[in-house]
Amino acid sequence: MRISRYILPTLKEDPSDAVVSSHRLMMRAGLIRKESAGMYVYLPLGLRALRKVIAIIKEEMDAAGAHEFLMPEMTSADLWRESGRWDSMGPEMFRIRDRNGLEYALAPTHEEAFTAVVRSLISSYRDLPLNVYQINTKFRDEIRPRYGVIRSKEFIMKDAYSFDMDEKGLDESYQAMRRAYRQIFQRCGLETIPVQADTGSMGGSDSEEFMVASEVGEEVLLLCGSCDYKANQEKAEFRRGDRKGGGAPEALREVSTPDVKTIADLAAFFQCDEGLFLKSIVYLADGAPVMAVVPGNREINELKLARALKATALELAPDSVVEEVTGAPVGFAGPVTDKKVRMLFDLAVKGVVNGITGANKKDLHYAGVNPGRDFTIGEEYDLTKAVAGDPCPKCGSPMRETKGIEVGHIFKLGYKYTKSMKVSVLNEQGRETTPIMGCYGIGVNRTVAAIVEQHHDDKGIIWPKAIAPFDVHLVGIWKEEQELRALEGLYDTLSKAGFEVLYDDRKASPGIKFADADLAGLPVRVTAGKGYFQTGDLEIKCRWGGEVVKVKESGLVEAIRDSLAGCP
Ligand code: ATP
Ligand code: MG
């Protein structure tokens, strides 16, 4: 491709709204342009990289035995009503009507649509296992679209859905996808960390997310330093320690605590460890008040709490509800009460000796609080967030925290959709059986951005060769028309040798051309300038590093092959 006839609007300056490297570089290298908040245009160079990722995904999905479909992006409300998600999806789902008033969703995901079509295609155990997928646009009205194509309102997803006769079959389908995902990301030159993920309140068993470690990642991961335990903080567990506090149980007593409200204030006031406080927070779970009690030095993990409650909607209770439930203003809630409210206790609460908690009375706390004696621990769950330094739940070694970008997700869905949407097949005994499902997503645009995030320097992108938009950046430095003709010949030779060549034939300064080549980040740069016209010397440089190598035209193709072979 001749740059003089291509659309490659590189930018010298960083766009002001681009705060992460991938967004900055994808804009500056002329891969994307912003259409409006959370919506992006792919320019030709960006589209080439996107298509390469798509091709790899498709090859690996096909190799894993999945079948490619193309689903409508507008999905009828009736489908969503069948599964019950028309009401539960919330404002992230774009909803539209046609001229007759029929309702549709711009699909944020396609479980319902695929389940419905598969329902019409299968009737017997012989039709299973089945794995169907598509690579198609999704729409999500994200609260905070940001970081360019990492979180946009419209994006391309590869979504796959497996259908099996039983859990054993599902596990095989799941493992096949797990292997395919590792292959896909590896071929894309992207190092990923598979971590255990939350399975949500809707059940489902195994779930793993493929994460790219990055400072700008929105997910927090806990990784064990000694064993292979790796989990999203949403899900991460940790080994519980010993008792908090100590000595013989003291008598329960009221302590006046005017204006002492936060845990830090209380710790200063009582001069004790924050872990001795029984932090009691009132939530509304699907509208009903519940109290969660955790040690004061721990944050509640609301996903764990929601899962324990099997709640679909969980929110902090408004002050009025807190007052009603506890009989006191906000800040004095505690589990020592006669009031009837459902209480859930974190696993660490039972180990607290002589703790401190709100007395459910204004400006009063209880000290000398002892679980079992002063209140009963009925429902006990893991309710708190694991943090760096916490012992690994598997081996007890300290875990570390790192941030990650989620590029893919595999999930054993279970029977949620096949049951609610009444999918059934006849088993070998001729009995109606409900198939079990898995679902598997990859964010295609986000994968491209994550690759840029992982592979760049201060000059620009450094593409892994498998997804570089072109293989070779031919930088022609010419003044005379006859020089340009010689360069055309060189371009022709390289193209005929089978390389995808981006040929800078512009009448521009070498400085501009080199800066653009670094920005575009193609694996191999070939420079043809004065040396070429005078002595036939060409220069080859790998964008991944290493020295500039001089070659003659006769050895060029070989040298480029060598250089490419050395690139990741
Ligand atoms: P997130 O937690 O980042 O919102 P999600 O859990 O909602 O992601 P899934 O529903 O599992 O994502 O979608 C599958 C994949 O689609 C994700 O792993 C991610 O790579 C991609 N993805 C999700 N939302 C977006 C978005 N708004 N923009 C770009 N890619 C996205
Ligand atoms: Mg999301």
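Rules used in this analysis
- Residues numbered from 1 in each chain as written.
- Chains lettered and ligands numbered in written order.
- Predicted model: local features only at pLDDT ≥ 70, side-chain atom pairs only at ≥ 80, totals over all residues.
- Heavy atoms only, no water.
- Helix = DSSP H or I, 4+ residues; strand = E, 2+ residues; numbered from the N terminus.
- Areas by Shrake-Rupley, 256 points an atom, 1.4 Å probe, with all protein chains shown as cover.
- Near = heavy atom within 4 Å.
- Polar contact = N/O pair within 3.5 Å; in protein donor to acceptor, adjacent residues only side chain to side chain.
- Axes fitted to C-alpha atoms, helices over the stretch in contact; angles between N-to-C directions.
- Parallel < 35°, antiparallel > 145°, perpendicular 65-115°, else oblique.
- Left-handed = near helix turned anticlockwise from the far one by under 90°.
- Contact = heavy atoms within 4.5 Å.
- Pairing = 2+ DSSP bridges.

Caption draft 1: Structural detail: the overall build of the protein chain. If you tally the helices and strands in the protein chain, you get 15 helices and 31 strands. Overall, the protein chain is about 95 × 65 × 50 Å in size when its C-alpha atoms are taken along their principal axes. In the form shown here, the protein chain has an accessible surface area of approximately 25,600 Å², with 49% of it arising from carbon and sulfur atoms.

Caption draft 2: Examining the site of ligand 1 more closely. The environment of ligand 1 is formed by 15 residues, the closest being Arg 140, Glu 142, Arg 151, Ser 152 and Glu 406. Here Arg 151 contributes a side-chain N or O atom positioned 2.7 Å from an oxygen atom of ligand 1. The separation between a nitrogen atom of ligand 1 and a polar main-chain atom of Ser 152 is 2.8 Å. Within the complex, the protein chains bury 83% of what would otherwise be the 590 Å² of accessible surface of ligand 1. At the level of elements, strand S8 (154–164) and strand S21 (399–414) are the ones that each hand at least two residues to the shell around ligand 1. With four residues, the single largest contributor to the shell around ligand 1 is S21.

Caption draft 3: Structural context of the packing of helix H2 (residues 44–63) against helix H6 (residues 167–187). In the contact formed by H2 and H6, the axes pass within 9 Å of each other and the chain directions differ by 150°. Judged on the interaxial angle alone, H6 and H2 are roughly antiparallel. In this structure, H2 crosses over H6, and the sense of that crossing is right-handed. Only Met 177, Ala 180, Gln 183, Ile 184 and Arg 187 of H6 make contact with H2, whose side of the interface consists of Ile 56, Ile 57, Glu 59, Glu 60 and Met 61.

Caption draft 4: Examining the sheet that holds strand S14 (residues 278–285) more closely. Taken in spatial order, the five strands of this open sheet run S16-S14-S15-S17-S20, and their pairing is mixed. Looking along the sheet, the strands with just one partner apiece sit at the ends: strand S16 (314–316) and strand S20 (379–381). With direction set aside, neighbouring strand axes in the sheet form an average angle of 35°. Taken together, the three bridges between strand S17 (residues 342–346) and S20 define a ladder with parallel strand orientation.

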